[in-house]
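Each chain, letter by letter, is given below.
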Amino acid sequence: MASLSRVGTRLMRCGACPRAALVGYKTTTGIVGIEADPDAVQNLSQLLKKMLREVRTIPETAQYRKTVEQLANERLAVLAKDIAPEMMEKELGCGQLEQLIIQAKDELGLIAKMKDWKPWDVPKGHKIEVIAEKDVAPEATAS
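Residues numbered from 1 in each chain as written. Predicted model: local features only at pLDDT ≥ 70, side-chain atom pairs only at ≥ 80, totals over all residues. Heavy atoms only, no water.

**Brief notes about the confidence of the model for the chain**
Part 1: Confidence in the prediction for the chain averages 84 pLDDT; 78% of positions are at 70 or higher.
Part 2: Note that pLDDT drops below 50 for residues 1-22; the model gives that stretch 38 contacts with residues more than four away or on any other chain. (pLDDT = per-residue confidence, 0-100. Contact = heavy atoms within 4.5 Å.)

**Quick word on the side chain of Q96**
Part 1: Inspection of the secondary structure puts Q96 in the loop between α3 (85-92) and α4 (97-117).
Part 2: Polar contacts involving the side chain of Q96 include one to the main-chain carbonyl oxygen of T29, which spans 2.8 Å.
Part 3: Residues contacting Q96, with those up to four places away along its chain left out, are K26, T29, I31 and E89. (Helix = DSSP H or I, 4+ residues; strand = E, 2+ residues; numbered from the N terminus. Polar contact = N/O pair within 3.5 Å; in protein donor to acceptor, adjacent residues only side chain to side chain.)

**Topic: the pattern of salt bridges**
Part 1: Overall, the coordinates contain five salt bridges when judged by the stated rule.
Part 2: E91 is the partner of K81 in a salt bridge, and the nearest nitrogen-oxygen pair spans 2.4 Å. You can see K81 sitting in the loop between α2 (63-79) and α3 and its partner E91 sitting in helix α3, a full ten residues away along the chain.
Part 3: For K81, a relative accessible area of 34% translates into the label partly exposed. (Salt bridge = Lys/Arg side-chain N within 4 Å of Asp/Glu carboxyl O. Buried < 20%, exposed > 50% of the residue type's maximum accessible area, 1.4 Å probe, protein only.)

**Concerning α3**
Part 1: All of the buried residues in α3 are P85, M88, E89 and L92. With its buried residues spanning 100° around the axis, α3 presents them on a single face.
Part 2: Against the buried residues of α3 lie α1 (40-55), α2 and α4.
Part 3: Downstream of α3 by one or two residues, G93 has phi in the positive range, about 65°. (Arc of directions from axis to C-beta.)

Below is the structure:
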């Protein structure tokens, strides 16, 4: 039989079927202005999938697209595991799921802006001057 553990002020069943215990895994994030989301795993998953759909309008060769796809796919892989949300947060190592939801929403806004800005379109013949500092004076050390 699965053991019970207390998280926040609600009981959560741990063990055989952690997915069944996702609702109410915590009652607060402990961060002012960020409410606990009882459906954080599902909500974050939906946002990450939306990011993957939206970023497809950016050229495959653009580093921005590659980075967004890699990040979203890595996070989706962790969310797909049959582990408790706390373990997902620990494995992701990027804060609480609620914080990642905010990040995903912000990234969706940035994807739209990147489509307009098109930083991957460099005009033909455009040259970038590279300045290398060869003779950098060492910092003075206190004696």
